[in-house]
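Spelled out from the first residue to the last, the chains are:
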Amino acid sequence: MDIFQKIKAANLVGRGGACFPTATKWEMVKNAAGEKKYIVCNASEGEPGVKKDGYILEHFPEKVIDGMKIAVDFLSLGNKGKKTVDVKGYVYINPEYYKKYGKKLEDIIRKIPPSPLAKGGNPPIPPCEGGQIIEVFKKPESAGYIGGEETSALNAIEGKRIEPRLRPPFPTTNGLWNCPTIINNVETLYNVSLVASGEYKKNRFYTINGDCLWTGVYEFSEDWTIEKILKETNNYPNFDFFTQIGGDGSGEILNSKQLNIQATGAGSITVFSVLKHKPLDLIKKWLDFFISESCGQCTPCREGIYRLLEIIKSPKPDWQLFGELLNNLSETAFCGLGCVVPVPIKSYFENVLANMPENEINLPKGNKKIICECFKQ
C-alpha cells in the first residue's frame, strides 16, 4: 500500500483547526497541473491557548520533517519512481518557535538523504529554487495572528503584504507563486510520518489551560470526550465551570453539561470558573484580541469589531444592535478571523450566561433577559 492509500485508510484530517481530510488535499495538489509544486508546514500557531505544535517541534522535530519529505516525494515522483515535478517545502514558523527550534530543524533538514523512492539510477530530487529541498522560513514579527491563515502565510513567504487572499482559486491549484501547494499543520505532518512507519494509533494532542492545576499538552485518543480528558488529567473542576474548545480566541464555549463530545479544531481545552470570569470582561477580552489582530483589509471586520467594542463599553449597551452586527460579521467578513468573532460570544451567551443567576453577573439589572432574548436559538 502506497503512502496515499495509507493516509486515506487512516482517515487523517488536518490538525490546524479545519479538520479537512489530508488525503483529499494531497490528491488535489497531485492532480493539479504544474511543473513546480510546494509543501508548506504551517508552524505559526498564533491562536491563544494552543501549544501542541510547539510541543511537537520540541519533542518530535524529525517526525515533522519526515512528514514533509514524504509529501515532497509524493508530489515529485511518478508511478515508476521517476521525478516528474520539482517540489520544495517550507516550514513557516513563528518567531518564538524559530528561536527555540529553528536551528534543530535546519540541522535535520541538512541531513535529509536522497529519496528512497528514487532508486534505479534516478537522481535525488533537486530543490526548486536552489538550496535545500526543505527550508525554514521565519514568520515576520509583524505578521500577528492573521499571519497564520494559510493564504496569509503564502503571501508572507512571497514577500507580499500579509493578508488573506480571495478564494477561489485555492492553494491546492494556485498557492505559492501561483503553483499547486499543500499546506498542512505541524501535527498533520507528524501524523503522516507515523502512518508511514506504522506507528499511528489514532491519537492526537490536546492543550489544557485555564482554571485547573495540571495545564500542559497531553496525547490521548482522538475519540476521547472533553469530559474524559479533563478527568484523566485530574483537571475536572469541583466548582461551577465552563470551557472554551479549540482556542482561547475563536473557540466555542460549552458549559459543564455539554462535555460528552470530542474536542475538535485545534484540540485545546480551556477551563473557566463561572464566578471568576464576568460576562462583560470576557466579551471585552475576545473583542480586544480580534480588533488587535484584524489585518484591516475588509470593512465588516475592521469597522464591525470596533463598533461591537464601542457598544460593550457604552453605559447602556444596545444588545439588539450588538447581535445584528455579530451576525453581519459571520456572513460578510473576508476571511476566517472576522467569521469566527461571533463564535465565543454567542456560544457564551447561549450556553453559560443563560444559566447564571442574575445576582452573580456584573450586568445591569434586566440585561441578562434582554441578552438571552436577542441570542436565543
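Predicted model, so just to flag it, every value in this text is computed and none were measured.

Draft legend 1. Expanded view of the overall build of the protein chain. The secondary structure content of the protein chain amounts to 14 helices and 9 strands. A globule of 377 residues ought to have a C-alpha radius of gyration of about 21 Å, and the protein chain, at 22 Å, matches this closely. For the protein chain, the C-alpha atoms occupy an extent of roughly 80 × 45 × 35 Å along the three principal directions. Looking at the 377 residues of the protein chain, the share that counts as buried comes to 53%. Sequence separation of 24 or more characterises 67% of the internal contacts of the protein chain that already satisfy a separation of 6 or more. For the protein chain, the accessible surface area stands at approximately 17300 Å², while carbon and sulfur atoms represent 51% of it. Each charge sign in the protein chain was given a centre, from 47 positive and 44 negative side chains, and these centres are 3 Å apart.

Draft legend 2. Highlighting the sheet that holds strand β2 (residues 86-93). Taken in spatial order, the 4 strands make up an open sheet running β3-β2-β1-β4, and their pairing is parallel. In this open sheet, the two strands that pair with only one neighbour each are β3 (134-138) and β4 (181-185). The sheet shows a mean angle of 20° between the axes of neighbouring strands, direction not considered. As paired strands, β2 and β3 are joined by 5 bridges and run parallel to one another. Each residue of the ladder has a partner; that of Y90, found in β3, is E135. Contacts from helix α7 (residues 186-197) reach β1 (36-43) and β4, with the element oriented near 95° to β4.

Draft legend 3. Here's a closer look at the domain arrangement of the protein chain. According to the domain assignment, the protein chain contains domain 1 (3-197), domain 2 (203-273) and domain 3 (279-375). Here the C-alpha centroids of domain 1 and domain 2 sit 28 Å apart. With 16 residues of domain 1 at the contact, the number on the domain 2 side is 16 residues. Carbon and sulfur atoms make up 55% of the area that domain 1 and domain 2 hide from each other, which totals about 1300 Å². Applying the counting rule to domain 1 against domain 2 returns 1 salt bridge. A salt bridge links E222 to R15; the shortest N-O distance between them is 2.7 Å.

Draft legend 4. Region of the structure containing the packing of aromatic side chains. Under the counting rule described, the total for this entry stands at 24 aromatic pairs. Residues F289 and F290 carry aromatic rings whose centres are separated by 5.3 Å and whose planes lie at 65° to one another, so their mutual orientation is edge-to-face. With respect to class, F289 is no different from F290; both count as buried. Cation over ring: K30 sits above F74, and NZ or CZ is 5.0 Å from the ring centre. The ring of Y206 carries the charged tip of R204 above its face, separated from the ring centre by 5.6 Å.

Draft legend 5. Layout of the packing of helix α4 (residues 61-76) against helix α5 (residues 95-110). Interhelical geometry of α4 versus α5 gives an angle of 50° and a closest axis separation of 10 Å. Relative to α5, the element α4 is oriented oblique. Considering only the axes of α4 and α5, their crossing is right-handed. Taken together, the residues of α5 that come into contact with α4 (itself represented by P61, E62 and I65) are K104, L105, I108 and I109. Tallied by class, the residues present in the contact of α4 with α5 amount to 5 nonpolar, no polar and 2 charged.

Definitions and limits used
- Residues numbered from 1 in each chain as written.
- Predicted model: local features only at pLDDT ≥ 70, side-chain atom pairs only at ≥ 80, totals over all residues.
- Heavy atoms only, no water.
- Helix = DSSP H or I, 4+ residues; strand = E, 2+ residues; numbered from the N terminus.
- Rg over C-alpha atoms; globule rule 2.2 N^0.38 Å.
- Buried < 20%, exposed > 50% of the residue type's maximum accessible area, 1.4 Å probe, protein only.
- Contact = heavy atoms within 4.5 Å.
- Areas by Shrake-Rupley, 256 points an atom, 1.4 Å probe, with all protein chains shown as cover.
- Lys, Arg positive; Asp, Glu negative; His and termini not counted.
- Charge placed at Lys NZ, Arg CZ, Asp CG, Glu CD.
- Pairing = 2+ DSSP bridges.
- Axes fitted to C-alpha atoms, helices over the stretch in contact; angles between N-to-C directions.
- Domains from an automatic or database assignment.
- Buried area = accessible area lost by both parts, 1.4 Å probe.
- Salt bridge = Lys/Arg side-chain N within 4 Å of Asp/Glu carboxyl O.
- Phe/Tyr/Trp six-rings, centres within 6.5 Å; stacked < 30°, edge-to-face > 60°.
- Lys NZ or Arg CZ within 6 Å of the ring centre and 35° of its normal.
- Parallel < 35°, antiparallel > 145°, perpendicular 65-115°, else oblique.
- Left-handed = near helix turned anticlockwise from the far one by under 90°.
- Nonpolar A, V, L, I, M, F, W, Y, C, P; charged D, E, K, R; others polar.

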